[in-house]
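These are the residues of each chain, in order.
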Amino acid sequence: MKFSLHEWGSFRIGAIQEFMSQRMRLMWIPNQQWRWMRTAATLVLICWIIPQVAPAQDLGTWELLLENAGIACMHAALTRFGTVVMIDRTDIGASQIGLPAGVCRDSDDLVLKHDCTAHSVVFDPVTKTVRPLFLQTDPWCSSGQFMPDGSLMQTGGDFDGVRKIRTFVPCEASGICDWVESTTQELQSGRWYSTNQLLPDGRQIIIGGRSAFNLEFIPPNANGPLYFPFLNATNDDQNDNLYPYVHLLPSGNLFVFANRDSIEYNYLTDTVVRTFPRIPGEPRNYPSGGSSVMLPLLASNNFSIVEILVCGGAQYGAYLNSAAQMTCSNTCGRMVVSDPNPTWAMDDIMPIPRCMGDMILLPTRDVMIINGAQQGSQGWTNAINPAFSPVLYYTYASPGYRMLTMAPTTIARMYHSTANLMQDGRIFIAGSNPHQFYVFDVDYPTELRLEAFSPHYLAPSHDLQRPTVTVSPLQITYNTPFTVTVSAPVTLAGPPEINLVSAPFSTHSYQQGQRVVSLAVSSSVQIALATLYQITAVAPWGPTLAPPGYYMLFAVNEAVPSTAVWVLLST
């Protein structure tokens, strides 16, 4: 008998003891006798189980991808070509990577008005190299999301960038694509610390920002920005309503979370459909630095169960009194928003307190909590005690048994860090700059190194279960069957999962637009030898379930994912 890591994640010694206790009570053994017998039997059982489990205890590995990317990464997004676009602020002085010869930027920046260095780069994971990109205006603490055609729409920032709209049309790693800033269109309201969400009709909604208690659309609404009272209601002395968590629900409405409150919002009618209970505990949004995901949407329940997970945050006052270095939150709240009377379940306690942690939806439908600090809050030099160890959250394990501490990094990833899922299932990690400028001779310096964390499922011990997608469509259509061909080293025990995973915009401990949709698999036919299969799956039934655009398609066999292929989901 061998336990996989996934099975062991929900298995604890307490469960063994409870089992033994029940068995011995059924045997009518007197109290004094069954107490020592239970202890002895538990020890015997543990001694038998541990050797069975040890080979499967894969806790992930870390790899240094690049010693110096040239910039500190504040925002990041994975493109459909497998490259990663990285963005820093411009009003920070010279970076450590130059623009092409003869290319410089002239501005009214406070630090450097004639700047010949880059503040955005594109990273190629294959060659482990970066190429400088040109940004004219400041994208400091801005927002973004991919459009249906795969172009990255990036909005707002500070100073000369607060109303700017920038577009990056990605290309092959060998290409010369670059940022284009609109000279004919600008945001209707200044956007600094706002959130973007792609909508079913292909527009983006942009919600909030500092002193922006409103929302707007790209392309713009003729009526101008709409006042959004919810942001006023959730404001406090720390402005704990910045970078609100926004999730597109299968109903087409938006789940919007700020500070500790949340609503269901119909953006078509500009109405609040439902107000949810307040989450217990601490503030969760910037500058308190929690994070949130909408858990995977499953065809197995007809996409009818919709759950939101919020983890981490900082104590109220941690930002205002940064010298106190208050302990961050170790709590997670989980709520089934599709229930008639939803409540926050607070059963999941993280192994360590964490603020500024990124929550990454994995192709296995679990969640990796990574990056961050254990004390303080977001803001310049506001935090200490890095959270070096990621935590794996098993989505479908029993409450109280969902957390597993993974292998630690040695690099502090605190304020202004990013995390992005890559095609091969690794997590790309960049950034950390808790300073106004580039500072290197301190405890928590400006971080220019790039890393990748390989979760447990990438360990060689899982190679026999690992599928490979050999043939797949470039484009799939809503509510229509499609076929992929999958190979495997050994005969599959059953049909693999086919999961679609979006490519979000990562910034400030939140992945804007992150989504996993697990599709219905209608058939699996063995077509050659013993290890080649033709899998028929059904695309999402509509754009409220999965907005149009490019997704990573993973085949997942026994909790082990393939490398993803990109597919375009459209009407």
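See the structure above.
Thresholds, definitions, all that
- Residues numbered from 1 in each chain as written.
- Predicted model: local features only at pLDDT ≥ 70, side-chain atom pairs only at ≥ 80, totals over all residues.
- Heavy atoms only, no water.
- Helix = DSSP H or I, 4+ residues; strand = E, 2+ residues; numbered from the N terminus.
- Buried < 20%, exposed > 50% of the residue type's maximum accessible area, 1.4 Å probe, protein only.
- Contact = heavy atoms within 4.5 Å.
- Areas by Shrake-Rupley, 256 points an atom, 1.4 Å probe, with all protein chains shown as cover.
- Pairing = 2+ DSSP bridges.
- Axes fitted to C-alpha atoms, helices over the stretch in contact; angles between N-to-C directions.
- Core = buried A, V, L, I, M, F, W, Y, C linked by side-chain atoms within 4.5 Å.
- Salt bridge = Lys/Arg side-chain N within 4 Å of Asp/Glu carboxyl O.
- Patch = residues over 30% accessible without salt bridge, like charges linked within 9 Å, V, L, I, M, F, W, Y side chains within 5 Å.
- Polar contact = N/O pair within 3.5 Å; in protein donor to acceptor, adjacent residues only side chain to side chain.

A word on the overall build of the chain
So, point 1. When its secondary structure is counted, the chain shows four helices and 45 strands.
So, point 2. In the chain, which comprises 571 residues, the proportion classed as buried is 60%.
So, point 3. Counted over contacts in the chain with a minimum sequence separation of 6, partners at least 24 positions apart contribute 62%.
So, point 4. Accessible area for the chain stands at about 21200 Å²; split by element, carbon and sulfur atoms hold 57% of it.

Quick notes on the environment of Val-517
So, point 1. As for its placement among the helices and strands, Val-517 is situated in strand β40 (residues 516-518).
So, point 2. The buried category is assigned to Val-517, whose relative accessible area is 0%.
So, point 3. C-alpha separation for the pair Val-517 and Leu-297, spaced 220 residues apart in sequence, amounts to 4.9 Å.
So, point 4. Once you skip the residues sitting within four places of it in the chain, Val-517 turns out to touch Leu-297, Phe-303, Ile-498, Asn-499, Leu-500, Pro-540, Leu-545 and Ala-546.

Quick look at the sheet that holds strand β23 (residues 331-336)
So, point 1. The four strands are arranged β20-β22-β23-β24 in an open sheet whose pairing can be described as antiparallel. The open sheet terminates on both sides in strands that have one partner only, identified here as β20 (291-294) and β24 (345-349). Strand-to-strand twist in this sheet, taken as the mean axis angle between neighbours without regard to direction, amounts to 25°.
So, point 2. Here β23 runs beside β24; their pairing, made up of three bridges, is antiparallel. Counterpart to Cys-332 in the pairing with β24 is Asp-348.

A short note on the sheet that holds strand β9 (residues 152-155)
So, point 1. If you trace the four strands from one edge of the open sheet to the other, you get β8-β9-β10-β11, paired in antiparallel fashion. A strand with exactly one partner marks an edge of an open sheet, and here the two such strands are β8 (143-146) and β11 (179-181). Across the sheet, the mean angle from the axis of one strand to that of its neighbour is 20°, orientation sign disregarded.
So, point 2. The pairing of β8 with β9 spans four bridges and is classified as antiparallel. Counterpart to Ser-143 in the pairing with β9 is Thr-155.

Things to note about the nonpolar core
So, point 1. Counting 72 residues, the largest nonpolar core has Met-86, Phe-428 and Leu-450 as its most contacted members.
So, point 2. Filtering out sequence-adjacent residues up to four positions away, Leu-450 remains in contact with Glu-63, Leu-64, Leu-65, Leu-66, Ala-69, Met-86, Phe-123, Arg-413, Phe-428, Ile-429 and Ala-430.
So, point 3. Counting residues in each nonpolar core, the second largest holds 40 residues, with Phe-255, Phe-257, Val-484 and Ala-537 among its members.

Comments concerning the pattern of salt bridges
Any two side chains of opposite charge can pair, on the condition that their charged atoms come close.
So, point 1. Applying the stated criterion to the full structure yields 17 salt bridges.
So, point 2. With its nearest N and O atoms 2.8 Å apart, the salt bridge here joins Asp-201 to Arg-203.
So, point 3. Note on Arg-203: relative accessible area 21%, which makes it partly exposed.
So, point 4. A salt bridge links Arg-449 to Glu-447, with the nearest nitrogen and oxygen atoms 2.7 Å apart.
So, point 5. Judged by relative accessible area, which is 28%, Arg-449 ranks as partly exposed.

Brief notes about a nonpolar patch on the surface
So, point 1. On the surface, Leu-110, Val-111, Phe-159 and Phe-437 cluster together into a nonpolar patch covering about 380 Å² of accessible area.
So, point 2. Position of Leu-110 among the secondary structure elements: in the loop between β4 (105-106) and β5 (114-115).
So, point 3. A relative accessible area of 67% places Leu-110 in the exposed class.

Remarks on the side chain of Asn-285
So, point 1. When you line up the elements, Asn-285 lands in the loop between β19 (271-275) and β20.
So, point 2. Take Asn-285: its relative accessible area is 0%, and that puts it in the buried class.
So, point 3. Among the polar contacts made by the side chain of Asn-285, one reaches the main-chain carbonyl oxygen of Tyr-243 at a distance of 3.1 Å.
So, point 4. Setting aside residues up to four positions removed in sequence, Asn-285 forms contacts with Asp-240, Leu-242, Tyr-243, Pro-244, Tyr-245, Phe-257, Ala-258 and Asn-259.

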